[in-house]
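Understanding the architecture of this molecule
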Amino acid sequence: MKSLNAYQRKRWLGLLLVIIVCILGLSSPIQHFAAFPNEIRLFSGQLKQLDYGMPVHAQVTSDPQLLSINGSSDRSTSINLNKPLTIQSSQSGKTTLKLKLFGKIPFKTVKVNVVPDLRVIPGGQTIGVKVKSAGIMVVGHHQVVNGKGAKVSPGETAKLQLGDLIVRINGNYVNEVYKVAKLAEEAGAANRPLHLTVKRGSRMFDTKLMPVFDAEDRAWRLGLYIRDSAAGVGTLTFYAPDQGVYGALGHVITDMDTQTPIEVGEGQILQSNVTSINKSQTGEPGEKRAHFIKESKVLGNIERNTPFGIFGKMKELPSHSYNQHAIPVAFAEEVKEGPAQLLTVVNGQKVERFNVDIVHVTRQQSPATKGMVIKITDRRLLEQTGGIVQGMSGSPIIQDGKLIGAVTHVFVNDPTSGYGCFIEWMLQDAGVLLKQANLNLKAA
């Protein structure tokens, strides 16, 4: 009987310990400690606030040349972890932040990376986009009726696929469709094949294509549908005046038929005027209707087309900016759920500010799309557009006075909501924020 009681006591003791551990694990101080990162990034001059929420005192040591703690520039400072801890950077560099409980017990060591201050001018203007591909895009096959009455496709015979990019013909670079017809006619008349250099994804290969004389059209054909350019409208996200570069769209430009990314050979962005809005409805996203204006006046070029938008040099900021003053930008880990603002155009060229909510944030340690889910809450915008519409992609998102990201996609089944990407990844692709500044952020 005594051994049974001892066994029961051990079981109850074990259960009590489990309950205590669960309570501690769910407690606010432990959760704050567990969520605190091993590494922190700051822009030079930026003030960052951390909250441990633990009712204890500690001693913190840091490099006074780089950081001040709670306004103190001393190497060692006594702090109350139950109150917010403020860190301010004075210049770029790397250092560590060491905390000891009661000045003796090692508590936490945090790596701190301070990068040069970066401010950009938020966009919101609707822009016209003209892109010339770095070759001839294969967007389809078609059948040619030969002299025997049979239907053949020389392009398929040459093993060309949708999305392929023809970069050279007979050794010469080509990116204009009108030149291909002449080359096909010359090769067909001489009864010799065209020698093609083709890019498929990251792979380059050579193939031969023999034109066929179309008995119906009385012309030499390749059996291919091809394209050399694309055009549309989108939204400017930011302009970095110190570097003279811009970012727009927030997502890659793809060919409308093959849905493959367009490899840019050259391109331009132009000022555009919104004439009307086709409102979004459930199951049917709307769109901005706009036309290019002042086509002879090019705002900038297009140098890159990446998963996070288009980037290049800008000669001047488009008119009708909501704010012509540069504002701070936020690292991906600074973005939080809650209210924010969106800048976009719904009529003419006037950039307006509308209220949105960040309803979900995905913690990304490296560049990836779909960083946040946003929901339009502004009644005025909902009445005019029904939510997010095509052409709104690239609209800058601002939170707490900082540029945090851009609108990228609309939810088809709920056009009041959609995805956004973090501005950090766009700034990296624009070349104004070095990728080396990106640290691996891991929970403690």
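In the nomenclature of an unreviewed UniProt entry, the chain corresponds to SpoIVB peptidase from the organism Paenibacillus lycopersici.

Overview of the overall build of the chain
Helix and strand counts for the chain come out as six helices and 32 strands. For the chain, buried positions account for 48% of its 444 residues. Considering only contacts in the chain between residues 6 or more positions apart, those separated by 24 or more positions represent 67%. Total accessible area on the chain is roughly 22100 Å²; 52% of this is exposed by carbon and sulfur atoms.

Description of the sheet that holds strand E3 (residues 57-61)
With mixed pairing, the five strands of this open sheet are ordered in space as E1-E8-E7-E3-E5. Of all the strands in the sheet, the pair left with one neighbour each is strand E1 (39-43) and strand E5 (76-80). Between one strand and the next, the sheet's axes are offset by a mean angle of 30 degrees, whatever the strand orientation. The pairing of strand E7 (residues 93-101) with strand E8 (residues 105-115) spans nine bridges and is classified as antiparallel. Bridge pairing in E8 links Gly93 to Val114.

Comments concerning the pattern of salt bridges
Two side chains of opposite charge can pair, provided their charged atoms sit close to one another. This model, assessed by the stated rule, comprises 15 salt bridges. Across the pair Glu176 and Lys179 runs a salt bridge, and its minimum N-O distance is 3.0 Å. Linking Glu263 and Lys199 is a salt bridge whose minimum nitrogen-to-oxygen distance equals 3.0 Å. Of the two residues, Glu263 is situated in the loop between strand E20 (245-249) and strand E21 (264-278) and Lys199 in strand E15 (residues 194-200); the sequence distance between them amounts to 64 residues.

Points about the side chain of Ser393
With respect to the helices, strands and loops of the structure, Ser393 is situated in the loop between helix H5 (379-385) and strand E30 (396-399). Of the polar contacts made by the side chain of Ser393, one reaches the side chain of His251; its length is 3.2 Å. The contacts of Ser393, once residues within four sequence positions are left out, are Gly234, Thr235, Leu249, His251, Val407 and Thr408.

Brief notes about unusual backbone geometry
Positive phi values are uncommon outside glycine, yet Asn70 reaches one of about 50 degrees. With respect to the element layout, Asn70 can be found in the loop between strand E4 (67-69) and E5. Asn70 sits in the partly exposed class, given a relative accessible area of 39%. One non-glycine residue, Lys159, adopts positive backbone phi at about 70 degrees. Turning to its location among the elements, Lys159 is positioned in the loop between helix H3 (154-157) and strand E13 (165-169). Under the relative-accessibility criterion, Lys159 is labelled exposed at 63%.

Some words on the pairing of strand E29 (residues 372-376)
With four of five residues buried, E29 lies mostly within the body of the structure. Where strand E28 (residues 351-361) meets E29, five bridges bridge the pair, whose relative direction is antiparallel. Note on E29: the bridge partner recorded for His360 is Val373. Sheet analysis places E29 next to strand E32 (residues 414-422), joined by four bridges and oriented antiparallel. Among the inter-strand pairings, Lys375 is bridged to a residue of E32, identified as Ser417.

Considerations on the pairing of strand E10 (residues 126-141)
Most of E10 is tucked away, with 13 of its 16 residues classed as buried. In the sheet, E10 pairs with strand E19 (residues 224-240) via 11 bridges, with the strands oriented antiparallel. Paired with Met137 across the strands is Arg227, a residue of E19. By the bridge criterion, seven bridges tie E10 to E21 in an arrangement that is antiparallel. Looking at E21, one finds that Lys130 is bridged to Gln268. Pairing analysis gives two bridges linking E10 to E13, with the strands arranged antiparallel. In the sheet register, Met137 faces E13, and the bridge partner there is Leu165.

Rules behind the numbers
Throughout this description, residue numbers start from 1 for each chain and increase along the sequence as written. The predicted nature of this model means local features are confined to residues of pLDDT at least 70 and side-chain atom pairs, given and counted, to a pLDDT of 80 or more, with totals for whole chains, interfaces and linings taken over all residues. Note: side-chain values were computed over all heavy atoms of the structure, leaving out hydrogens and water. A run of H or I in DSSP becomes a helix once it reaches four residues, and a run of E becomes a strand once it reaches two; helices and strands are each numbered from the N terminus. For every residue, the accessible area obtained with a 1.4 Å probe (protein chains only) is divided by the maximum for its type, and the residue is called buried under 20%, exposed over 50%, and partly exposed between those limits. Any two residues whose heavy atoms approach within 4.5 Å are treated as being in contact. Only the protein chains shown count as cover for residues, with accessible areas throughout obtained via the Shrake-Rupley method and a probe of 1.4 Å. Here a strand pair is declared whenever DSSP counts at least two bridges between the two strands. Inter-axis angles, ranging from 0 to 180 degrees, are taken between N-to-C directions of lines fitted to C-alpha atoms, where helices are fitted over the stretch in contact. Counted as salt bridges are all cases of a side-chain nitrogen of Lys or Arg within 4 Å of a carboxyl oxygen of Asp or Glu. We define a polar contact as two N or O atoms separated by no more than 3.5 Å, with the added condition that, inside protein, one atom must be a possible hydrogen donor and the other a possible acceptor, whereas residues neighbouring each other in sequence contribute only through side-chain atom pairs.

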